[in-house]
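Descriptive structure summary
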Amino acid sequence: MSDYEFGGLTYETATVQKIVGEILLQSAGMAFSKEARDLLIECCVEFITLISSEANEISEKDSKKTIACDHITKALDQLGFGEYVPAVLEAAAEHKEFQKGREKKANKFEQSGLSLDELERIQQEQFAAAAARHT
């Protein structure tokens, strides 16, 4: 699988194809040429760099060491992309909800009350039992 590299960042072809595929209406018979896809990726990287740089400046002015969502939305506004702020806030809220679900899964191990050694022993026993059923 080939990769695209721009500014030290690497994007797998499959990721790019998925994004482009979601944008295009397959039923319309439209397709992106490789050159158009490469140009689109370069534009995306430039856009992200622009927003990140502006957000970084805003966070520095606020004497913050971490760029927060508020810095991103302010950067969008200051750069003339204010119409995207509602969609960005919606995406951030969806991401936050998704992360909550992931954290609960991660905490399953802690909630089990078992040590990692005990969990590993149980896992090995389950593997052995599964292997015995298939022999």
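Conventions used here
Residues numbered from 1 in each chain as written. Predicted model: local features only at pLDDT ≥ 70, side-chain atom pairs only at ≥ 80, totals over all residues. Heavy atoms only, no water. UniProt positions renumbered as here; feature names shortened; annotations may be inferred. Helix = DSSP H or I, 4+ residues; strand = E, 2+ residues; numbered from the N terminus. Buried < 20%, exposed > 50% of the residue type's maximum accessible area, 1.4 Å probe, protein only. Contact = heavy atoms within 4.5 Å. Areas by Shrake-Rupley, 256 points an atom, 1.4 Å probe, with all protein chains shown as cover. Salt bridge = Lys/Arg side-chain N within 4 Å of Asp/Glu carboxyl O. Core = buried A, V, L, I, M, F, W, Y, C linked by side-chain atoms within 4.5 Å.

The chain carries the name NCT transcriptional regulatory complex subunit B in an unreviewed UniProt entry, which gives Bombardia bombarda as its organism. Check the Subunit (unreviewed entry) section of the UniProt entry for the chain; it says "Forms the NCT transcriptional regulatory complex with nctA and mot1." Here the chain is described in UniProt, under the heading Function (unreviewed entry), as follows: "Part of the NCT transcriptional regulatory complex that acts as a key regulator of ergosterol biosynthesis and the azole exporter cdr1B. The NCT complex binds the promoters of genes linked to azole susceptibility, and especially represses the expression of cdr1B transporter."

Attention shifts here to the overall build of the chain. Of regular secondary structure, the chain possesses five helices and two strands. When the helices and strands of the chain are read in sequence order from the N terminus, they spell out β-β-α-α-α-α-α. The buried share of the chain, reckoned over its 135 residues, is 15%. Within the chain, residue pairs in contact and separated by at least 24 positions form 29% of the contacts whose partners lie at least 6 positions apart. Of the roughly 10700 Å² that the chain leaves accessible, carbon and sulfur atoms contribute 57%.

Turning next to the pattern of salt bridges. Enumeration over the complete set of coordinates arrives at two salt bridges. Salt-bridge contacts for Asp 70 lead to Lys 74; the nearest nitrogen and oxygen are separated by 3.3 Å. Of this pair, Asp 70 and Lys 74 both sit in helix α3 (residues 69-78), four residues apart, which is roughly one turn of the helix. The class for Asp 70 is partly exposed, based on a relative accessible area of 41%. With a shortest N-O distance of 2.9 Å, Glu 125 and Arg 121 are connected by a salt bridge. Placement of both Glu 125 and Arg 121 in helix α5 (residues 116-133) is noted, with a separation of four residues, approximately one turn of the helix.

A few words now on the nonpolar core. Listed in full, the six residues of the largest apolar core are Ile 51, Ala 55, Ile 58, Ala 75, Leu 76 and Val 85. Residue assignment for this core shows that the elements contributing at least two residues are α2 (34-61) and α3. The element that contributes the greatest number of residues to this core is α2, accounting for three residues. Residue contacts for Ala 75: discarding those within four places in its chain leaves Ile 51, Glu 54, Ala 55 and Ile 58.

The subject of this paragraph is unusual backbone geometry. Positive phi is not limited to glycine here, since Ser 63 has a value of about 55 degrees. Its place among the elements puts Ser 63 in the loop between α2 and α3. Judged by its relative accessible area of 66%, Ser 63 falls in the exposed class.

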